[in-house]
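Spelled out from the first residue to the last, the chains are:
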Amino acid sequence: MRELALNILDIAENSLRAGASLVQIRLCADFLKDEMTIAVEDNGCGMSKEMAASVTDPFTTTRTTRKVGMGVPLFKYSAESAGGTFRIRSEEGKGTCVTATYRIGHVDRMPLGDFGGVVLQLVTMNPQTDFLVTVQSGGQTGVLDTREIREILGEDIPLGAPEVRAFLKEYISENLVSIYGGRL
Ligand SMILES: Nc1ncnc2c1ncn2[C@@H]1O[C@H](COP(=O)(O)OP(=O)(O)O)[C@@H](O)[C@H]1O
Ligand SMILES: [Mg+2]
């Protein structure tokens, strides 16, 4: 995995698998401090203390299809190999928050990659889940809240409908991606 966006997708997919009805994704870049923070928070089933403590070990998984889970370990690695930190907070029955920080200019920091594409995919392919995506940099903030968009569209028009998808794609590139524009 050479793009942080794919790490984010993997972490968000854990939230979906945990049955979250709301997934919050935050991307915050401070170019003056040379620091970037990525956080994924959900209101899914959460984890026990033991599980949360061992989840950064690749051999921890509740999947039955394979024995190795790499989503969390790779995300942790991406941060720690770029002079950053990694933290996972989880409460059983309440939800989970995964936070990674990075030195933006660190030689080993992976590029962010197609973050907009990942957001578009998550938002349009998961009708049961709401997403609150916030991007912040240099005093600018961009927000995508699917609860607001669903409210406007009404129940009959899914976010994956072609016209809506086209609108969302435009919205994401203008309001989220333009804020850090190519610099990450
Ligand atoms: N947001 C989450 N909510 C609840 N459990 C989680 C969450 N993220 C990870 N887990 C637990 O940690 C395990 C390991 O996750 P991960 O490293 O992504 O590997 P995988 O998803 O392949 O199992 C998952 O199988 C799941 O049991
Ligand atoms: Mg996973």
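Residues numbered from 1 in each chain as written. Chains lettered and ligands numbered in written order. Predicted model: local features only at pLDDT ≥ 70, side-chain atom pairs only at ≥ 80, totals over all residues.

## Some words on the sheet that holds strand S4 (residues 95–103)
To be explicit about the condition: Paired strands, in this sense, are two strands between which DSSP finds at least two bridges. Counting from the N terminus, the helices are the DSSP runs of H or I reaching at least four residues and the strands are the DSSP runs of E reaching at least two. Axes here refer to lines fitted to C-alpha atoms; in helices the fit is confined to the stretch in contact. Angles between the N-to-C directions go from 0 to 180 degrees. Any two residues are considered in contact once their C-beta atoms, placed from the backbone, lie within 7 Å.
Within the open sheet, the six strands sit side by side as S3-S4-S2-S1-S5-S6. Their pairing is mixed. In this open sheet, the two edge strands, each paired with only one partner strand, are strand S3 (86–91) and strand S6 (140–145). Across the sheet, the mean angle from the axis of one strand to that of its neighbour is 10°, orientation sign disregarded. Here helix H3 (residues 71–80) sits on the sheet and contacts S3 and S4; the angle it forms with S4, its principal contact strand, is near 30°. Sheet strands in contact with helix H6 (residues 162–180) are strand S1 (22–30), strand S5 (130–137) and S6, and its direction is about 145° off that of S6.

## Here's the deal with the packing of helix H4 (residues 115–125) against H6
For clarity, the threshold we go by: Angle categories are assigned with fixed cut-offs, so that under 35 degrees is roughly parallel, over 145 is roughly antiparallel, 65 to 115 is roughly perpendicular, and the rest are oblique. Helix crossings are classified by the rotation of the near helix relative to the far one: an anticlockwise turn of less than a right angle makes the crossing left-handed, while a clockwise turn makes it right-handed. In this count, Pro and Cys sit with the nonpolar residues alongside Ala, Val, Leu, Ile, Met, Phe, Trp and Tyr, while Asp, Glu, Lys and Arg are called charged and the others, Gly among them, polar.
Running from N to C, H4 and H6 cross one another at 140°; their axes reach a closest spacing of 10 Å. For the element pair H4 / H6, the angle class is oblique. In the crossing of H4 with H6, the sense of the turn from one axis to the other is right-handed. Residues Phe 115, Gly 116, Val 119, Leu 120, Val 123 and Thr 124 of H4 form the contact with H6, whose own contacting residues are Arg 165, Leu 168, Lys 169, Ile 172, Ser 173, Leu 176 and Val 177. Considering only residue class, the contact of H4 with H6 consists of eight nonpolar, three polar and two charged.

## Focus on the environment of Ala 39
By the secondary structure assignment, Ala 39 is in strand S2 (residues 35–42). Along the backbone, Ala 39 and Gln 24 are 15 residues apart, and their C-alpha atoms lie at a distance of 7.8 Å. Ignoring sequence-local partners within four residues, the contact set of Ala 39 consists of Arg 26, Cys 97, Val 98 and Thr 99.

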